[in-house]
Amino acid sequence: MRIATARSLTLLTISSLIAATSVMAQQPSSTPAVTTPPATTTPAASAPAAQTPAATPQTTTPATTTTATDSATKPEDDKTDQSKAAAKPGDATAKADSIPSPGDNMDQHIKKGTEEDVNAVGQRNIGGRGMGNWYSTNWEVGTGKQYSMEVEKSSHLVTDPVIVEYVNRVGQNLVRNSDSKVPFTIKVLDTDEINAMALPGGFFYVNSGLILACDSEDELAGVMAHEISHVAAHHAAREMTKMNYMQIGSIPLMIFTQGTRP
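Residues numbered from 1 in each chain as written. Predicted model: local features only at pLDDT ≥ 70, side-chain atom pairs only at ≥ 80, totals over all residues. Heavy atoms only, no water.

Caption draft 1: The arrangement of the environment of Gly 144 in detail. Within the element layout of this structure, Gly 144 appears in helix 4 (residues 137–153). For the pair Gly 144 and Leu 199, spaced 55 residues apart in sequence, the C-alpha to C-alpha distance is 5.3 Å. Sequence-distant contacts of Gly 144, defined by excluding residues within four places in its chain, comprise Leu 199, Pro 200 and Phe 203. (Helix = DSSP H or I, 4+ residues; strand = E, 2+ residues; numbered from the N terminus. Contact = heavy atoms within 4.5 Å.)

Structure below.
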């Protein structure tokens, strides 16, 4: 009997605890229910006349916001106008601040297709035949081939495919963006001398000492571009033409000096 009474007491205490927790859980839900009616009654209590002044500030608020946005955007518009004014090509300050494009410092009245026109690279006839060049491209290729055979007989070539392919790739990229009219044959000489040599007709030799002395690919490309320009401008043929002029000019002196012997 005592065990039964103890069990009944524990059941009663558990049921009382559950009832207490349910009551406590219901109390917060009841409080907002009491507060909600006055919240709903307050807007209902306001007269429609009070809504009319509320409508007037609503009409004024967008105007104030638009003016604020306009005032906020005006400085940005001023900045863009200033940047456009600074981007004019004739302004010296714009050139100092911005990165100049190729040809900005050149004369603006350059004729298209002439030697001064940078945009016509590859289509210009730099050092072509005329009074300054009596020799044809075939003569340059034949002469350069003879000299190249002599060079390869007296020197040792680098045959490493990685080195040869790398130097050839850098050189051919420069040739494609030059005024050269002949294909280039680029080889590497096994020598410690820091130098490169371009023969007429596109026979180009780069010393291994130059490759080791360069700190970057840009330095190597700069030296190779200089040698490629000699071939593109036909400097060897033009030098031969100058020598021919000098020989022709010395003929009258030879004629007049023959009869003046003592």
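Still more to cover.
Caption draft 2: Structural context of the pattern of salt bridges. Using the criterion set out here, one finds two salt bridges in the structure. Glu 152 is paired through a salt bridge with Lys 187; the nearest N and O atoms lie 2.7 Å apart. Taken together, the residues span a long stretch of sequence, with Glu 152 in helix 4 and Lys 187 in strand 1 (residues 185–189) at a distance of 35 residues. The class for Glu 152 is partly exposed, based on a relative accessible area of 28%. Put simply, Glu 239 and Lys 242 hold a salt bridge, and the shortest N to O gap is 4.0 Å. In this pair, Glu 239 and Lys 242 are both assigned in helix 8 (residues 235–258), three residues apart and thus about one turn of the helix distant. (Salt bridge = Lys/Arg side-chain N within 4 Å of Asp/Glu carboxyl O. Buried < 20%, exposed > 50% of the residue type's maximum accessible area, 1.4 Å probe, protein only.)

Caption draft 3: The pairing of strand 3 (residues 203–207), seen in detail. With five of its five residues buried, strand 3 lies for the most part within the structure. What you see with strand 3 is no split at all: Phe 203, Tyr 205 and Asn 207 on one side and Phe 204 and Val 206 on the other are buried throughout. The pairing of strand 2 (residues 196–199) with strand 3 spans four bridges and is classified as antiparallel. Considered in strand 3, the bridge of Ala 196 is made with Val 206. Counted along the chain from strand 2 to the antiparallel partner strand 3, the turn is three residues long, and its residue Gly 201 has a positive phi close to 90 degrees. (Pairing = 2+ DSSP bridges.)

Caption draft 4: Quick look at the nonpolar core. Of all hydrophobic cores here, the largest spans 19 residues; its most connected members are Phe 184, Ile 186, Phe 204, Val 206 and Met 224. Counting only elements with at least two residues in this core, the list comes to helix 5 (161–176), strand 1, strand 2, strand 3 and helix 7 (217–232). It is helix 7 that contributes the most residues to this core, five residues altogether. In this structure Phe 204 touches Phe 184, Thr 185, Ile 186, Lys 187, Ala 196, Met 197, Ala 198, Met 224, Glu 227 and Ile 228, once residues within four positions along its chain are discounted. (Core = buried A, V, L, I, M, F, W, Y, C linked by side-chain atoms within 4.5 Å.)

Take it as geometry only, folks, not as evidence of what the structure does.
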